[in-house]
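Structure at a glance
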2 protein chains.
Amino acid sequence: MIVFGTVTVPSVSTNSKPRVTIDHVARAVGVSRQTVSRAINNKSEIDPGTRQRILDAARAMGYRPSRFARGLVRQHLITVGLVIADVLNPFFPEVTAGVLEAAEHRGWQVVVYTTNSDHRKELEVVDLLIEQVDVGVAFLLHQDAIVKAAGAGLPFILLDKGDRAPEVPGVRIDFESGVRQGLEHLLDRGHRRIAMIDDVTYLSVVGPDPRREVYLKVMAERGLPVDAGWIQPAHNSVEGGAEAMGRLLAARPDVTAVFAYNDVIAIGAQRRAAELGLRIPRDCAFLGFDGLTVGELVEPPLTTLHIDKRRLGEIAVEQAALLLGGPEERVAEDAVIRPELVVRGST
Amino acid sequence: MIVFGTVTVPSVSTNSKPRVTIDHVARAVGVSRQTVSRAINNKSEIDPGTRQRILDAARAMGYRPSRFARGLVRQHLITVGLVIADVLNPFFPEVTAGVLEAAEHRGWQVVVYTTNSDHRKELEVVDLLIEQVDVGVAFLLHQDAIVKAAGAGLPFILLDKGDRAPEVPGVRIDFESGVRQGLEHLLDRGHRRIAMIDDVTYLSVVGPDPRREVYLKVMAERGLPVDAGWIQPAHNSVEGGAEAMGRLLAARPDVTAVFAYNDVIAIGAQRRAAELGLRIPRDCAFLGFDGLTVGELVEPPLTTLHIDKRRLGEIAVEQAALLLGGPEERVAEDAVIRPELVVRGST
DNA sequence: TTGAAAGCGCTAACAG
DNA sequence: CTGTTAGCGCTTTCAA
């Protein structure tokens, strides 16, 4: 045991050039490498004295077993690659929490990659995934990135699964039910001129997102015309939401409610509205999507369609396990996450 | 290239039992495994025709190179283990962003582990670190976990470095300067009865944290007595901050300012104060620590000591690189992060 | 352009 | 209790 201030951390361990191998230790101690292996791995069939001598020598020499050599021989450790767009968007940490927990539960390791939803970056990350992990759990926007991963035979679970990759297993969010709940809530409150702030990236890459499609559908069902100016694209950030809200109010100052692509955008939009003198929810109501914790902290607290993001991550890992599990055993059906309306002060 | 809906993802790749090796592919195609290796690795010395046949066969058979075998032979890929307390506390994602970026820059892989600052969990995670990564970058509260890692010869960088591990390299946050700035700001505003809400876990494990020590010191320098009831412990969460604030106001309703361990706690405390009818900052001012984005979104926006968390993560990876770098090359000195006062509406 | 041999660092299986 | 013999799956010589 090392005591700081008395004994220093073995600086030999910080070398990089000559890797200390089990053979070096064996030679130094004068035993076979098998014996060293036994000592290192806490096997029982070994003389306590020998064992101690080996451990001491190993530590002194700065020996650390090679994880590659070990992995090669005991085909155990599974690594899952988690691909998210951005750690800073609070949505992803929650999913990550679920993934980490489920992975730990199975003794899996999680390597994290971020893409910022950038096309080139997604393709690069998929390459890494193919090389470095056993199974991927990924938010991937770009069709060709998905195709590339699947084509390379990488087992993976798609986390933002829409209609674009029917053959790839994933977790599906029930936008139909979610958005419908939210809009009906707004309609019940008497709103008729309901705008939508959409994510510009998703829009430009994948096409109209499911939220928007359901929005248009529900409005049509009620016989409510949707004014073209009601739909504003936004960058996926608080500032993006604020800008879109500014544009919306300039174009259509008479909207009474805003349905946003997600909570981050909704928070930005709501702030900007307040800055411009609107009273929320009286002058304009706001509905978010995702159910982020931060939505409870803003003023007024945000009404939102809450989805269990942590569960989303857990389910993804379960699906991944199925994928890796049996021979030919296809993941039968996508798991589904259903959003739940949480009414707070913003509506 | 696979087209979804037309060709299905090769289900053979989802098998787990018989790993398809390079030899299987070689035999199937009728070439040596070196030739397969050449095809897979895009080497130039290979006949385009052979190459294509091999690639096709490999794909059809669901062949994926073993990363262990590869790693063993080309000693390249470095894996850094990032240990954080909790993905859900917004402080950590920001650090993580920095680590991910710096790691990507170097072509390193990042495996993420969480501990919840739990003692047993920290020890377990250190075990995993020792087995699974080349270098650790870690928030570790418990001295024995730090000692264990260092003792095992694992190169690592301590992220919440206080005075407890002088021999372990790390990044140091300049609490002295930070807290002083913050308190002087409060004193300038005329506050004299300044309470502090401290983190109970840190307190119970490591002892009084540097923030508190500087707080006591500055107050003493000004000749301002610190009432015992002014210091309240809190769990590290919004709710924890709220509870502590409740206790504080019950015990000492006459405090005029609160300095919190971090922004998360400050936000909770501020909310509770507002719920109890206090007007912020008139009746009570709030000062946080960390400079989280969410602090800008609450009402009133939180005055805080901002630290560049992303930079913290980047620096840690740079330090890690030094550690791995030269022989005997010790990381000369801890890098230092200096907090910066950001004045907003809460003071 | 291709193949054969050697070995990366380790552990499992069997002797002794 | 300890050593020897075989690989794990791949790439890197070196020949052909």
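Residues numbered from 1 in each chain as written. Chains lettered and ligands numbered in written order. Predicted model: local features only at pLDDT ≥ 70, side-chain atom pairs only at ≥ 80, totals over all residues. Heavy atoms only, no water.

**Structural notes on the packing of helix α6 (residues 119–132) of chain A against helix α7 (residues 143–151) of chain A**
The description of two packed helices rests on the angle between their axes and on the distance between the axes. Residue and element names in this part refer to chain A. Heads up, the rule is: Each axis is a line fitted through C-alpha atoms, and for a helix only the stretch in contact is used; angles between axes span 0 to 180 degrees, taken between their N-to-C directions. The way it works is that DSSP assigns letters per residue, a run of H or I at least four long becomes a helix, a run of E at least two long becomes a strand, and they are numbered from the N terminus. For classification purposes, angles smaller than 35 degrees are called roughly parallel, those larger than 145 roughly antiparallel, those between 65 and 115 roughly perpendicular, and all remaining angles oblique. Contacts are assigned to residue pairs with any non-hydrogen atoms lying within 4.5 Å of each other. Classification convention: Asp, Glu, Lys, Arg as charged; Ala, Val, Leu, Ile, Met, Phe, Trp, Tyr, Cys, Pro as nonpolar; all other residues, Gly among them, as polar.
Interaxial distance between α6 and α7 falls to 9 Å at its minimum, and their mutual angle equals 10 degrees. In terms of axis orientation, α6 runs roughly parallel to α7. Of the residues in α7, those in contact with His119, Glu122, Leu123, Val126, Asp127 and Ile130 of α6 are Asp144, Ala145, Lys148 and Ala149. Within the contact of α6 with α7, the residues separate by chemical class into 5 nonpolar, 1 polar and 4 charged.

**Topic: the protein's contact with DNA strand C**
The condition is simple: Consider each residue's heavy atoms; a residue with any of them within 4 Å of a molecule or strand counts as near. Nitrogen and oxygen atoms within 3.5 Å of one another constitute a polar contact, given that in protein one can donate a hydrogen and the other can accept it, and given that sequence-neighbouring residues count only through two side-chain atoms.
DNA strand C sits among 29 residues. The nearest are A:Ile22, A:Gln34, A:Tyr63, B:Gln34 and B:Thr35. Expressed as a percentage, the sugar and phosphate content of the atoms of DNA strand C within 4 Å of the protein is 53%. In the environment of DNA strand C, a base nitrogen lies 2.4 Å from a nitrogen or oxygen atom belonging to the side chain of A:Gln34. A distance of 3.5 Å separates a base nitrogen of DNA strand C from a polar atom in the side chain of B:Arg33. Those elements that provide at least two residues to the surface near DNA strand C are α2 (33–40) and α4 (67–73) of chain A together with α2 (33–40) and α4 (67–73) of chain B.

**A look at the pattern of salt bridges**
The test is simple: Think of a salt bridge as a Lys or Arg side-chain nitrogen and an Asp or Glu carboxyl oxygen that are within 4 Å of each other. Partly exposed residues are those whose accessible area sits between 20% and 50% of the maximum for their type, while under 20% is buried and over 50% is exposed, using a 1.4 Å probe and protein chains only.
Inspection of every chain in the model, using the stated rule, returns 45 salt bridges over all chains. As a salt-bridge pair, B:Glu94 and B:Lys309 come within 3.9 Å of each other at their nearest N and O atoms. In this pair, B:Glu94 is assigned in helix α5 (residues 91–106) and B:Lys309 in helix α14 (residues 309–325), connecting sequence segments 215 residues apart. Note on B:Glu94: relative accessible area 16%, which makes it buried. Salt bridges linked by common partners bring A:Glu176, A:Arg180, A:Lys217 and A:Glu221 together as one network.

**Focus on the sheet that holds strand β8 (residues 257–260) of chain A**
Residue and element names in this part refer to chain A. Short version of the rule: Only when DSSP finds a minimum of two bridges between them are two strands counted as paired.
Across the sheet, which stays open at both edges, the 6 strands sit in the order β7-β6-β8-β9-β10-β12 with mixed pairing between neighbours. Two strands close off the open sheet at either side, each with one partner strand: β7 (231–234) and β12 (340–342). Recorded for the sheet is a direction-independent mean angle of 20 degrees between the axes of neighbouring strands. Where strand β10 (residues 303–306) and β12 come together, 3 bridges link them in antiparallel fashion. Considered in β12, the bridge of histidine 306 is made with glutamate 340. Its contacts with the sheet put helix α10 (residues 210–221) on β6 (194–199), β7, β8 and β9 (285–290), and the angle it makes with β6 is roughly 165 degrees. Contacting β6, β7, β8 and β9, helix α11 (residues 238–251) crosses the sheet at an angle of about 155 degrees to β7.

**Details of the side chain of B:Gln232**
Residues and elements named next belong to chain B. Secondary-structure assignment places glutamine 232 in strand β7 (residues 231–234). Judged by its relative accessible area of 10%, glutamine 232 falls in the buried class. A polar contact of 2.9 Å, which involves the side chain of glutamine 232, links it to the side chain of arginine 247.

**Considerations on the protein's contact with DNA strand D**
Around DNA strand D, the surrounding shell holds 30 residues, and the nearest of these are A:Thr35, A:Arg38, B:Ile22, B:Arg33 and B:Tyr63. Of what DNA strand D places within 4 Å of the protein, 62% of the atoms are sugar or phosphate. B:Tyr63 places a polar side-chain atom, nitrogen or oxygen, 2.6 Å from a phosphate oxygen of DNA strand D. Backbone polar atom of B:Ser66 to a phosphate oxygen of DNA strand D: 3.2 Å apart, as the coordinates give it. The set of elements that each furnish at least two residues to the surface near DNA strand D consists of α2 and α4 of chain A together with α2 and α4 of chain B. Partitioned by chemical class, the residues of the surface near DNA strand D number 10 nonpolar, 10 polar and 10 charged.

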